[in-house]
Amino acid sequence: MELKPYQEKTLETFDLYLEELVSFRAKAEKVAKANTSETDPDLMREIPNFPKQAWDALRNRHALPVTRRSHQYVSRKDGIGNNLPSVCLKIPTGGGKTLLGAYSVSRIMGNYLKSNRGFVLWIVPNEAIYAQTKKQLTNRESPIRQILDRAAAGRVKILEKDDPLNAMDTESNLCVMLLMLQSANRETKETLRLFRDRGNVHGFFPAGDDIQRHWDLIGRIPNLDCYGRSDTMGATAKDSLGNVLRLLRPVVVMDEGHKGYTTIAMNTINGFNPSFV
């Protein structure tokens, strides 16, 4: 499919951001690694906010679109405090946002995460867009699906929130799960099936009686939903889809992302520990 000039320009700018992001992430990782071997807390350095550094580098290069806004980067952190890259593609209504979303996923996987396997959480605002997007993602003749197939060497698995999920699925495929915004929002931990223990996610968490491995996992990912207090030895992580997402650190695509700026929506999405939004 031939892209329109504004679509090409949008993706070119996105490529520049990913290029800067990779460079500044590498520097931040060096600081984090040095901190782990440092015995004197006073000598530890703050880990740089590499998504903001990459954004500022683009602004200084005058590579961002010219608007009345100042292009100040709004920093985000995931549920365990890591800096979270986040961008918004602002294009006209009917301008091919789903197409650009697929191209963006392809670039994130190839240029930033350096993998053609992983997990994408594709969030849509309503049932009509859900049905339309599902049709495009599941149709192998659709340009959107073909973009993803090329990114994953043909190994794409389309999922809905109640589908069974095995760890081998994410190790062998680019899994794309379609989700409505209402399903991602939650007032309490008990309100939605997404956050409840379920019997159809397999291979992600230790056996229930392997307390030490659960303790080690919770130590690495402290925002997992648990049975028992997460800061107490003996807690076990729930076999829930919400926990699987926190473990997998998905790429999150938000269709009509401006509708996801409520406090609940942002806290929930950031709480999935995404690698990129």
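Residues numbered from 1 in each chain as written. Predicted model: local features only at pLDDT ≥ 70, side-chain atom pairs only at ≥ 80, totals over all residues. Heavy atoms only, no water.

S.K.: Give a detailed account of the pattern of salt bridges, specifying residues and quantitative values.
M.R.: According to the stated counting rule, one finds eleven salt bridges in the structure shown. As a salt-bridge pair, Arg61 and Glu20 come within 2.5 Å of each other at their nearest N and O atoms. Placement of the pair is Arg61 in the loop between helix H2 (50-60) and helix H3 (97-112) and Glu20 in helix H1 (residues 5-36), with a sequence separation of 41 residues. Between Arg59 and Asp56 there is a salt bridge, with the nearest N and O atoms lying 3.0 Å from each other. Placement of both Arg59 and Asp56 in helix H2 is noted, with a separation of three residues, approximately one turn of the helix. Arg59 gets classed as partly exposed once you look at its relative accessible area, which sits at 23%. Take Asp56: its relative accessible area is 15%, and that puts it in the buried class. (Salt bridge = Lys/Arg side-chain N within 4 Å of Asp/Glu carboxyl O. Helix = DSSP H or I, 4+ residues; strand = E, 2+ residues; numbered from the N terminus. Buried < 20%, exposed > 50% of the residue type's maximum accessible area, 1.4 Å probe, protein only.)

S.K.: Lay out the environment of Gln7 in plain terms, naming residues and giving numbers.
M.R.: Tracing the sequence through the fold places Gln7 in helix H1. A relative accessible area of 4% means that Gln7 is categorised as buried. The spacing of Gln7 and Ala54 is 47 residues in sequence and 21 Å in space, taken between C-alpha atoms. In contact with Gln7, other than residues within four places in its own chain, are Gly95, Gly96, Leu99 and Leu100. (Contact = heavy atoms within 4.5 Å.)

S.K.: Could you give me a rundown of the sheet that holds strand E4 (residues 174-180), with the residues and numbers involved?
M.R.: One open sheet accounts for four strands, arranged E2-E4-E1-E8; its pairing is parallel. Strand pairing shows two members of the sheet lacking a second neighbour, strand E2 (156-160) and strand E8 (251-254), which therefore form its edges. When strand polarity is set aside, the average angle formed by the axes of neighbouring strands in this sheet is 20 degrees. Strand direction decides the pairing type here: E2 and E4, joined by five bridges, are parallel. By the bridge assignment, Ile158 is partnered in E4 with Val176. Set on the sheet, helix H4 (residues 127-138) makes contact with strand E1 (118-124), E2 and E4; between it and E4 the angle comes to about 165 degrees. (Pairing = 2+ DSSP bridges. Axes fitted to C-alpha atoms, helices over the stretch in contact; angles between N-to-C directions.)

From the geometry alone we can't say anything about function, so treat these as descriptive.
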